[in-house]
Amino acid sequence: MFHQPDKDVIVDIVHKLLKIVYPGYFWDKSYRIYTANNNLSLLIEDVMYNLNKQIVIALRFRPEYEDADEKEIEEEAQQIAIAFFKRIPKIREYLETDLEAAYDGDPAAYYRDEIILSYPGQLATTINRIAHELYLLEVPLIPRIMTEYAHGRTGIDIHPGATIGKYFFIDHGTGIVIGESTIIGEHVKIYQGVTLGALSTRGGQRLKSVKRHPTIEDNVTIYSGASILGGETVIGKNAVIGSNAFITKSIQEGTRVSIKNQELQFKYGKKEPVIQNDLEQDEAWYYTI
């Protein structure tokens, strides 16, 4: 009974990891004597202890540890926890580039502190980068619990398996979905309502470990409401994907994709509606820079 990781403990670990990766930004009221070094040392010790305990529980979900003795699992969990903490500098390095991309890419951002403390995209990306390292270390359950907590907080759903390069910026963010096998390059900017998803999931469990989600290369901008689907779909470098585009095939480098034929209708009283244009619907146009 109760052989699952504790969600409340994992969320607490997330909060403490935020204090570790952004030192000095989140005050911990539980410590009466506060210095940055003292606080970080206590936080790291606390997180290491609790993360290790949760990994011990989670490892039972890996087939090779179903019947393993407790000592073997505890030793493996400790090695994983140590390996994870060795990756904290890498996580902080990537987050610094994300912060720079957000500040440079959003004229509404007046302070970097504002981005760390209030931007949902930065929060979701931060938690994803933490969870992704645990995912790479083959920790069951815990990475997904972390990213689903971020999903609930921000409305941004990024699977911990997604591979995301440096200088990643989510603008506004609500309604974004990024699937497990998505690969995102560097300097990519995504707006609200974007889906980087699978073309079909009818295969169910047979599709496990198959690349089902698209690859987004460097310097791509994807505007609001766009859907890019399929594991073989590649969006080439420097491409721009316009709002509401629906893409299931690869787009070559330097291409701009826009919806050509949206129609606005204006009706004034009993007069005949005024049509802005009469182009057919659901047609996209492409051109190369």
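Everything numeric here is computed off the predicted structure, so don't read it as measured data. (Residues numbered from 1 in each chain as written. Predicted model: local features only at pLDDT ≥ 70, side-chain atom pairs only at ≥ 80, totals over all residues. Heavy atoms only, no water.)

## Quick word on the overall build of the chain
For the record, the criterion: Helix numbering and strand numbering both begin at the N terminus, where a helix is a DSSP run of H or I of at least 4 residues and a strand a DSSP run of E of at least 2. Burial status follows relative accessibility: with a 1.4 Å probe on protein chains alone, a residue under 20% of its type maximum counts as buried, one over 50% as exposed, and anything between as partly exposed. Each accessible area value is a Shrake-Rupley result obtained with a 1.4 Å probe; residue values ignore everything except the protein chains displayed when judging cover.
Along its length, the chain carries seven helices and 17 strands. Out of the 289 residues in the chain, the part that is buried amounts to 44%. Approximately 16100 Å² of the chain is accessible, and the part contributed by carbon and sulfur atoms is 50%.

## A short note on the sheet that holds strand β2 (residues 163–164)
To keep things clear, this is the line we draw: Strand pairing is assigned whenever DSSP detects at least two bridges linking the two strands.
Here four strands make up an open sheet; going across it, the order is β2-β5-β8-β11 and the pairing parallel. Two strands close off the open sheet at either side, each with one partner strand: β2 and β11 (234–235). As paired elements, β2 and strand β5 (residues 183–184) share two bridges and run parallel to each other. Bridge pairing links T163 to I183 in β5.

## Quick word on a negative patch on the surface
We apply this condition: Patch building starts from residues that exceed 30% relative accessible area and form no salt bridge, then joins like charges within 9 Å and nonpolar side chains (Val, Leu, Ile, Met, Phe, Trp, Tyr) within 5 Å. Salt bridge, as applied in this entry: a Lys or Arg side-chain nitrogen positioned within 4 Å of an Asp or Glu carboxyl oxygen. We score Asp and Glu as negative and Lys and Arg as positive, and we do not count His or the chain ends. Lysine's charge is taken at NZ, arginine's at CZ, aspartate's at CG and glutamate's at CD.
The grouping of D69, E72, E74 and E75 at the surface amounts to a negative patch. With respect to the element layout, E74 can be found in helix α3 (residues 70–86).

## Brief notes about the environment of L123
Note the following rule: In what follows, a contact means two residues having at least one pair of non-hydrogen atoms within 4.5 Å.
Mapped onto the secondary structure, L123 falls in helix α6 (residues 120–136). Residue L123 is classed as buried on the basis of its relative accessible area, which comes to 17%. Here the alpha-carbon distance between L123 and H151, two residues 28 residues apart in the chain, equals 9.9 Å. Discounting chain neighbours no more than four positions away, the residues touching L123 are L18, R153 and T154.

## Thoughts on the layout of surface pockets
Quick note on the threshold: Detection works on a 1 Å grid of protein atoms alone, calling trapped sets that fit a 1.4 Å probe cavities and calling open sets with protein on both sides within 12 Å along at least five of seven lines pockets, with lining residues defined by an atom within 4 Å of a point. Grid points are joined across faces, edges and corners, and a volume is the space filled by probe spheres set on the points.
The calculated volume of the largest pocket comes to roughly 690 Å³. Forming the walls of the largest pocket are 22 residues, and the residues nearest its centre are Y135, H159, E180, K208 and S209.

## Details of empty space enclosed by the protein
Rules: Think of it as three bins: nonpolar holds Ala, Val, Leu, Ile, Met, Phe, Trp, Tyr, Cys and Pro, charged holds Asp, Glu, Lys and Arg, and polar takes everything else, Gly as well.
Enumeration over the complete set of coordinates arrives at one cavity of 30 Å³ or more. Around the largest cavity, the lining residues are D98, A102, Y119, G121, Q122, T125, F168, F169 and I170. For the lining of the largest cavity, the leading source of residues is α6, giving three residues. Grouping the amino acids of the lining of the largest cavity by side-chain chemistry returns five nonpolar, three polar and one charged.

## Some thoughts on the packing of α6 against helix α7 (residues 142–154)
Formally: Inter-axis angles, ranging from 0 to 180 degrees, are taken between N-to-C directions of lines fitted to C-alpha atoms, where helices are fitted over the stretch in contact. Oblique is the label for any angle not under 35 degrees, not over 145, and not in the 65 to 115 range, which are roughly parallel, roughly antiparallel and roughly perpendicular in turn.
Where α6 contacts α7, the two axes come as close as 8 Å, and the packing angle between them is 175 degrees. Classed by the angle they form, the pair α6 and α7 counts as roughly antiparallel. Along its contact with α6, which presents P120, L123, A124, I127, N128, I130, A131, L134 and Y135, the element α7 presents I142, P143, M146, T147, Y149, A150, R153 and T154. A per-class count over the contact of α6 with α7 returns 13 nonpolar, three polar and one charged.

## What to know about the packing of aromatic side chains
Counted only if it meets this: Only Phe, Tyr and Trp rings are paired, with Trp represented by its six-membered ring, and only when their centres lie within 6.5 Å; those with planes under 30 degrees apart are stacked, over 60 edge-to-face, the remainder tilted.
The tally for this structure, following the rule as stated, stands at two aromatic pairs. For the pair F84 and F85, a centre-to-centre distance of 5.6 Å together with 85 degrees between the ring planes defines the contact as edge-to-face. Of the two residues, F84 and F85, neither departs from the other in class, the shared state being buried. Relative to Y223, the ring of Y191 has its centre 4.9 Å away and its plane inclined at 20 degrees; by these criteria the two rings are stacked.

## Topic: the side chain of D171
Here D171 lies in strand β3 (residues 169–171). The buried charged residue D171 lacks any salt bridge, with K189 as its nearest oppositely charged partner at 4.3 Å. Apart from residues lying up to four places away in sequence, D171 is in contact with D106, K189, I190, Y191 and Q192.

## Re the sheet that holds strand β4 (residues 177–178)
Ordered in space as β1-β4-β7-β10-β13, the five strands form an open sheet in which the pairing is parallel. With partners counted over all chains shown, the strands left at the sheet margins are β1 (157–158) and β13 (246–247), one partner each. In the sheet, strand β7 (residues 195–197) pairs with strand β10 (residues 227–229) via three bridges, with the strands oriented parallel. Bridged to L196 within β10 is I228.

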